[in-house]
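What the coordinates show
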Amino acid sequence: MAGDEHLRLFCALTLPGAVVDGIARWQARELRGGRVVPAANLHVTLAFLGRRPAGDLPLVAGALREAAGGAAGLRLRLDRYREGRSVGMLTFDDAGGRATALAEALQEALGRLGLYRREQRPWLPHVTVLRFRDRPRLHPALPDLPEVVPSDAAVFISRLRPAGAEYESVETVALGG
C-alpha cells in the first residue's frame with residue numbers, strides 16, 4: 001500500500017467459530033427485510049476509525065497491541081436483538097466489564113495519537129447482523145449462543161462494494177499478550 005493511499009479502518013474483537021456459525025444459522029432462520037451480514041463479516045467493533053492514510057496502519061496496530069496486552073478473560077453474554085436507524089444487531093452484556101475496559105483503552109490510545117475521536121454515547125458490545133434502508137421492526141427469537149469468549153482482536157480494512165462491505169484482517173493480536 002502506498003503511504004498516500006487511504007483505507008477505511010476499524011479494530012474489532014474476532015468471534016469464535018462456534019459463535020459465528022450459530023449466528024449465521026439464526027440469521028438464515030429469523031432475519032428478513034434487509035441484507036444479512038455475511039458470516040465472514042461478523043465481529044464486535046472496538047473502534048471505527050473511518051478513512052485514514054495507509055501510513056497510519058502501523059500506529060493503529062501498535063495501539064491495538066498495547067490495549068490488547070492487558071485484556072484477558074473477556075466474557076460476553078447475549079442480551080437482545082435491537083434495531084438502529086440502518087442496522088439490526090445482537091447486543092451483549094459485558095460480564096466483568098473487561099471488554100468495555102479494552103474498548104476504552106484502545107479508543108484512548110488512538111485518541112492520543114490523533115487517530116480517533118470518541119463518540120458521545122458509551123461503547124456497546126454488539127454484532128451487526130442485518131443492514132436495511134427501512135427498519136423491518138423484527139422481534140426474532142434469540143439465537144442459542146454460548147458465552148462469547150474472544151481470544152483475539154484485529155485491525156481490519158473495510159472496502160465498500162456494490163454488494164456490501166468486504167473486511168480484510170491485516171493484523172491480529174492475542175488478548176492478554
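Residues numbered from 1 in each chain as written. Predicted model: local features only at pLDDT ≥ 70, side-chain atom pairs only at ≥ 80, totals over all residues. Heavy atoms only, no water.

Things to note about the side chain of D94
By the element assignment, D94 lies in strand β5 (residues 87-95). No salt bridge is formed by the buried D94, whose closest oppositely charged neighbour, R98, lies at an N-O distance of 7.8 Å. With residues near it in sequence (within four places) discarded, D94 still touches R75, L76, A99, T100 and P125. (Helix = DSSP H or I, 4+ residues; strand = E, 2+ residues; numbered from the N terminus. Buried < 20%, exposed > 50% of the residue type's maximum accessible area, 1.4 Å probe, protein only. Lys, Arg positive; Asp, Glu negative; His and termini not counted. Salt bridge = Lys/Arg side-chain N within 4 Å of Asp/Glu carboxyl O. Contact = heavy atoms within 4.5 Å.)

What to know about the sheet that holds strand β7 (residues 152-159)
Pairing in this open sheet of 4 strands is antiparallel, and the strands run β3-β1-β7-β8 from one edge to the other. Looking at strand neighbours, the two that pair on one side only are β3 (44-53) and β8 (166-174), the edges of this open sheet. Averaged over all adjacent pairs, the angle separating strand axes in this sheet is 20°, with direction ignored. Inspection of the sheet shows β7 paired to β8 by 8 bridges, in the antiparallel sense. Directly across from S158, in β8, lies its bridge partner Y167. Sheet contacts for helix α2 (residues 57-69): β1 (6-13), β3, β7 and β8; angle to β8, the most-contacted strand, approximately 45°. Where helix α3 (residues 98-112) meets the sheet, its contacts fall on β1 and β3, and the angle it forms with β3 comes to roughly 15°. (Pairing = 2+ DSSP bridges. Axes fitted to C-alpha atoms, helices over the stretch in contact; angles between N-to-C directions.)

Description of helix α1 (residues 17-30)
When the terminal C-alpha atoms of α1 are compared, their 20 Å separation across 14 residues agrees well with the 20 Å that a helix rising 1.5 Å per residue should span. Listing the buried residues of α1 in full gives V19, V20, G22, I23, W26 and Q27. Along the axis of α1, the buried residues cluster in a sector spanning 165°; they form a single face. Pointing more than 90 degrees away from the buried face of α1 are the exposed residues A18, R25, A28 and R29. (Expected span 1.5 Å × (residues − 1). Arc of directions from axis to C-beta.)

Looking at the sheet that holds strand β4 (residues 75-83)
On the basis of which strands lie adjacent, the open sheet formed by 4 strands has the order β2-β6-β5-β4 and antiparallel pairing. Strand pairing shows two members of the sheet lacking a second neighbour, β2 (35-36) and β4, which therefore form its edges. Examined bridge by bridge, β5 and strand β6 (residues 126-131) share 5 bridges and lie antiparallel to one another. The partner of V87 across the bridge, within β6, is R131. Packed onto the sheet, α1 meets β2, β4, β5 and β6 and runs at close to 30° relative to β6.

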